[in-house]
Amino acid sequence: MLEQKSLLLLIKSYKDRHIDDRAFYQSLTEILTDEIGCSRASLWLFSDLLLNEIEAVDLYDRDKNTHTAGVRLYEETFQPYFAAMRQAGCIDAPNAREHPATQCFNERYFLPNDIYSLLDIGIVFNGQLVGVFCCEQVGEVMVWDAEQKAYLEQAGKLIAFALKPLLVHKFSELF
């Protein structure tokens, strides 16, 4: 059974302002990578309510022990992915290179990074998709089980709670 204790302690520390945004994002992706058992994890936030641009606030690569941020993806380049996230709020792609919503990443992202599997869970705030938590598996296919999916769905709710002040400011036209 996957534990959420580390995640809950991190969120409390962030809400109590014991750590800054960057430390929160980095710790979050590390915790979720460890809990899910995947190679890479990232947290992405949409730029606005049009949901046509998304930015990585942190991408953690467990094998390289590195964090990156600032990568932006645009709907005009990755239309099937954006449409699927808007429609379903999640993408479960054990064979990501063949999945209709994610094969658009093959040349630019999956092949250069040896990524085979992807599980993206939307982060919803006040009924609106505002971000995505992404798990990736490098070097081999990973079939995500029900427990991993449930953990990430719950994590998405907790992340939305933790990021409430940022989300209220960023998406103020919702409120």
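The rules behind the values
- All residue numbers refer to position in the chain's written sequence, counted from 1.
- For this predicted model, a pLDDT threshold of at least 70 governs which residues receive local features, and a threshold of 80 or more governs which side-chain atom pairs are given and counted, while totals over whole chains, interfaces and linings are taken from all residues.
- Working from all heavy atoms in the structure, the side-chain values ignore hydrogens and water.
- Secondary structure elements are defined from DSSP: runs of H or I of at least 4 residues count as helices, runs of E of at least 2 residues count as strands, and each element is numbered from the N terminus.
- As defined in this context, the radius of gyration uses C-alpha atoms, and a globule is described by 2.2 Å times the residue total to the power 0.38.
- Note on exposure labels: buried denotes an accessible area under 20% of the residue type's maximum, exposed denotes more than 50%, and partly exposed covers the range between, all computed with a 1.4 Å probe on protein chains only.
- Contacts are assigned to residue pairs that have any heavy atoms within 4.5 Å of one another.
- With residues, only the protein chains shown are counted as cover, and all accessible areas are computed by Shrake-Rupley using a 1.4 Å probe.
- In this tally, Asp and Glu contribute negative charge and Lys and Arg positive charge; neither His nor the terminal groups of the chain are included.
- Where a charge lies is defined by one atom per residue type, namely NZ (Lys), CZ (Arg), CG (Asp) and CD (Glu).
- Axis lines are fitted through C-alpha atoms, for helices just across the contact stretch, and the angle between N-to-C directions can take any value from 0 to 180 degrees.
- Roughly parallel means an angle under 35 degrees; roughly antiparallel means over 145; roughly perpendicular covers 65 to 115; every other angle is labelled oblique.
- The classification used treats Ala, Val, Leu, Ile, Met, Phe, Trp, Tyr, Cys and Pro as nonpolar, Asp, Glu, Lys and Arg as charged, and all other residues, Gly among them, as polar.
- Two strands make a pair as long as DSSP finds a minimum of two bridges between them.
- When the centres of two rings from Phe, Tyr and Trp lie within 6.5 Å, Trp using its six-membered ring, the rings pair. Their planes under 30 degrees apart give stacked, over 60 give edge-to-face, and anything left gives tilted.
- In our convention, an over-ring charge means Lys NZ or Arg CZ found within 6 Å of a ring centre and within 35 degrees of that ring's normal.
- Note on scores: pLDDT gives the predictor's confidence for each residue, bounded by 0 and 100.

Novice: Residue-level account of the overall build of the protein, with values.
Specialist: Each helix and strand counted, the protein has six helices and seven strands in total. The order of α-helices and β-strands along the protein, N terminus first, is α-α-β-β-β-β-α-β-α-β-β-α-α. Relative to the globule expectation of 16 Å for 175 residues, the C-alpha radius of gyration of the protein, 15 Å, shows essentially globular dimensions. On the principal axes, the C-alpha backbone points of the protein span a range of 40 × 35 × 30 Å. For the protein, with 175 residues in total, the buried portion stands at 46%. Restricting to contacts in the protein with at least 6 residues of sequence separation, those with at least 24 account for 55%. Accessible surface, the protein as shown: approximately 8,800 Å² in total, 50% of it carbon and sulfur. Positive and negative side-chain charges in the protein, numbering 16 and 26 respectively, have mean positions lying 5 Å apart.

Novice: Residue-level account of the packing of helix α1 (residues 5-15) against helix α2 (residues 21-36), with values.
Specialist: Interaxial distance between α1 and α2 falls to 10 Å at its minimum, and their mutual angle equals 175°. As the angle between them shows, α1 and α2 are arranged roughly antiparallel. Residue-level inspection shows Ser 6, Leu 7, Leu 10, Ile 11 and Tyr 14 of α1 in contact with α2, the latter providing Asp 21, Phe 24, Ser 27, Leu 28, Ile 31 and Leu 32. Classifying every residue of the contact of α1 with α2 by side-chain character gives eight nonpolar, two polar and one charged.

Novice: Could you give an account of the pairing of strand β6 (residues 115-125), naming the residues involved and the relevant values?
Specialist: On a regular strand, one side chain projects to one face of the sheet and the next to the other, so that they alternate. Burial of β6 is extensive: nine of the 11 residues sit out of reach of the surface. Where strand β5 (residues 90-93) lies against β6, four bridges are found, and the strand directions are antiparallel. Residue pairing across strands places Ala 93 opposite Leu 118, the latter belonging to β6. Pairing between β6 and strand β7 (residues 128-138): 10 bridges, direction antiparallel. Residue pairing for β7: Ile 123 is matched across the bridge by Gly 131. The turn linking β6 back onto β7 is made up of two residues, and Asn 126 within it adopts a positive phi angle of 50°.

Novice: I'd like a rundown of the packing of aromatic side chains, residues and numbers included.
Specialist: A complete count under the given rule lists nine aromatic pairs for this structure. Aromatic pair Tyr 81 and Phe 82: ring centres 5.8 Å apart, planes at 90°, arrangement edge-to-face. Accessibility expressed as a relative area gives 5% for Tyr 81, which makes it buried. Given a relative accessible area of 1%, Phe 82 falls into the buried group. Ring centres 5.3 Å apart and planes at 75° place the aromatic pair Tyr 81 and Phe 105 in the edge-to-face group. In this pair, Tyr 81 sits in helix α3 (residues 79-88) while Phe 105 sits in the loop between β5 and α4 (106-113), placing the two residues 24 residues apart along the sequence. Phe 105 matches Tyr 81 in its accessibility class, with the two residues each being buried. In textbook terms, an aromatic cluster arises when at least three aromatic residues are bridged by ring pairs, as seen for Phe 46, Phe 78, Tyr 81, Phe 82, Phe 105, Tyr 109 and Phe 110. The ring centre of Phe 161 lies 4.7 Å from the NZ or CZ of Lys 15, which sits over that ring. Cation over ring: Arg 97 sits above Tyr 116, and NZ or CZ is 3.9 Å from the ring centre.

Novice: Run through the confidence of the model for the protein, naming residues and quoting values.
Specialist: Per-residue pLDDT for the protein averages 92, and the proportion of residues at 70 or more is 96%. Considering each helix and strand of the protein separately, the mean pLDDT is smallest for helix α6 (residues 164-170), with a value of 77, and largest for strand β3 (residues 66-68), with 98.

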